[in-house]
Amino acid sequence: MKEIVFATNNRHKLDEIGKITAGRLRILSLADIGCHEEISETGSTLEENALIKARFVREKYGCHCFADDTGLEVEALDGAPGVYSSRYAGAGCNSADNTDKLLKALQKTENRTARFRTVIALLVNGEEHLFDGVIRGKIISEKRGTGGFGYDPVFIPDGHAQTFAELGDETKNSISHRALAIHKLVKYLYS
Ligand code: ITT
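Within any chain, residue numbers begin from 1 and follow the written order of that chain's sequence. Residue-level local features of this predicted model are given only where pLDDT is at least 70; pairs of side-chain atoms are given and counted only at 80 or more, and the full residue set underlies all totals for whole chains, interfaces and linings. Water and hydrogen atoms were dropped before computing side-chain values, which therefore reflect all heavy atoms in the structure.

A. Here's a closer look at the overall build of the chain. Here a strand is any run of E in DSSP of at least two residues, a helix any run of H or I of at least four, and the numbering for each starts at the N terminus. Tallying secondary structure elements over the chain gives 6 helices and 7 strands in all. Its C-alpha atoms give the chain a radius of gyration of 16 Å, near enough to 16 Å, the size a compact globule of 191 residues would have. Oriented by its inertia axes, the alpha-carbon framework of the chain measures out at about 50 × 30 × 25 Å. A simple rule labels every residue: compare its accessible area, found with a 1.4 Å probe on the protein chains alone, to the largest value its type can have, and call it buried under 20%, exposed over 50%, or partly exposed in between. A total of 191 residues make up the chain; the buried ones form 45% of that total. We get accessible surface area from the Shrake-Rupley algorithm with a probe of 1.4 Å; when it comes to residues, only the shown protein chains can shield them. Just so you have it, the chain exposes about 9,400 Å², and 48% of that area is on carbon and sulfur atoms. Throughout, radius of gyration means the C-alpha value; the globule benchmark is 2.2 Å times the number of residues raised to the power 0.38.

The following block contains the structure:
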């Protein structure tokens, strides 16, 4: 089994990727390698931010690693919150604040089309690789469900009638943006 650091401070992402890759990768967290710094995301795209996080860990700790940057892209908002998804409602705000702001921004909007996009940057053997995953769906007008995290309570993936927060871990992890991207990474590592 390959051992690799996942450069994230988001415990939900760590949990999801652990479940999705079960048995195929041995994933170390930032805490496992003694990294407790906040890594600033100063890029203007998901690709840049994923690379910034992964490069920080490789340069400082010298290990094989990958990082995930994810955005919710809403058609009627010209792709916002996108790369700014984690601080949509402002610095220091939480997921509930971000989701409330999104629902407010869409209050009078009929077009509810959106997508989650994940970009994973993998840094191994002196090489950098990017993998992406996209899932399309729509934003509903109120929060539903208690599972998942972030914007999950307001996002219904196409082909389903429930939000990611209602569908539960197993379903989310079998179809999500993050699952699609990490499957590409695993395929690459084992090819
Ligand atoms: P790291 O950078 O430490 O990995 P983060 O939470 O800052 O963690 P991102 O910048 O990639 O991660 O995520 C942007 C925000 O988008 C995040 O704070 C969540 O609220 C939301 N988000 C990410 N993945 C999501 C998912 O699968 N479902 C719902 N919301 C998600």
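B. View of the environment of R24. In this fold, R24 is placed in the loop between α1 (11-20) and β2 (25-28). Sequence separation of R24 and A80 is 56 residues, and the distance between their C-alpha atoms is 34 Å. Here I20 takes part through its backbone oxygen, which lies 2.8 Å from a polar atom of the side chain of R24. Within 3.5 Å is the distance limit for a polar contact, defined as a pair of N or O atoms, with the added protein rule that one can donate a hydrogen and the other accept it, and that residues adjacent in sequence qualify only through two side-chain atoms.

C. Spotlight on the side chain of N98. Inspection of the secondary structure puts N98 in helix α3 (residues 95-105). N98 gets classed as buried once you look at its relative accessible area, which sits at 3%. Reaching out from N98, the side chain makes a polar contact with the backbone oxygen of S86 at a distance of 3.2 Å.

D. Geometry of the site of the ligand. Working definition: residue near molecule or strand if any one of its non-hydrogen atoms lies within 4 Å of it. The immediate surroundings of the ligand are formed by 20 residues, with T8, K13, E41, K53 and D152 found nearest. Interatomic distance of 3.3 Å between a side-chain N/O atom of D69 and an oxygen atom of the ligand. Across the complex, the protein chains shield 91% of the 610 Å² of accessible surface that the ligand would expose by itself. Those elements that provide at least two residues to the shell around the ligand are β3 (65-74) and α6 (177-190). Broken down by element, the residue count for the shell around the ligand peaks at 3 residues, all from β3. Nonpolar residues are Ala, Val, Leu, Ile, Met, Phe, Trp, Tyr, Cys and Pro. Charged residues are Asp, Glu, Lys and Arg, and all others, Gly as well, are polar. Broken down by class, the residue content of the shell around the ligand amounts to 3 nonpolar, 9 polar and 8 charged.

E. Looking closely at the pairing of strand β6 (residues 127-139). The pairing of strand β5 (residues 113-124) with β6 spans 12 bridges and is antiparallel. Its bridge partner being in β6, V119 is matched across the sheet by D132. The pairing criterion is simple: DSSP has to find at least two bridges between the two strands. Sheet topology note: the β6/strand β7 (residues 155-157) ladder contains 3 bridges and is antiparallel. Across the sheet, G137 pairs through a bridge with P157, a residue of β7.

F. Representation of the pairing of β5 within the structure. In terms of residue burial, β5 counts as a mostly covered element, since 10 of its 12 residues are buried. Where β3 and β5 come together, 10 bridges link them in antiparallel fashion. Following the sheet pairing, G71 is matched in β5 by R117. Taken together, β5 and the strand that follows it, β6, pair antiparallel across an intervening segment of 2 residues, in which N125 is found at a positive phi of about 50 degrees.

G. Looking closely at the nonpolar core. Only buried residues count toward a nonpolar core, which is a set of Ala, Val, Leu, Ile, Met, Phe, Trp, Tyr and Cys residues joined through side-chain atoms within 4.5 Å. By size, the foremost hydrophobic cluster in this structure holds 18 residues, and its most contacted members are V5, L30, A54, V57, C65, A121 and L123. Counting residues per element, the ones that place at least two in this core are α2 (46-61), β3 and β5. Ranked by the residues each element gives to this core, the list is headed by α2, at 5 residues. The criterion used for residue contact is that any of the two residues' heavy atoms lie within 4.5 Å. If near-sequence neighbours (up to four positions away) are discounted, L123 is found in contact with L51, A54, R55, R58, C63, H64, C65 and E128. By size, the runner-up hydrophobic cluster in this structure holds 17 residues, among which are F116, I135, Y151 and F155.

H. Quick peek at α2. In this analysis, the expected span of each helix is defined as 1.5 Å times one less than the number of residues it contains. A rise of 1.5 Å per residue sets the reference length of α2, with its 16 residues, at 22 Å; its end C-alpha atoms lie 23 Å apart and thus fit the reference within 8%. Listed as buried for α2 are L46, N49, A50, L51, K53, A54 and V57. Tucked into the core, α2 has its buried residues touching β1 (2-6), α1, β3, β5 and β6.

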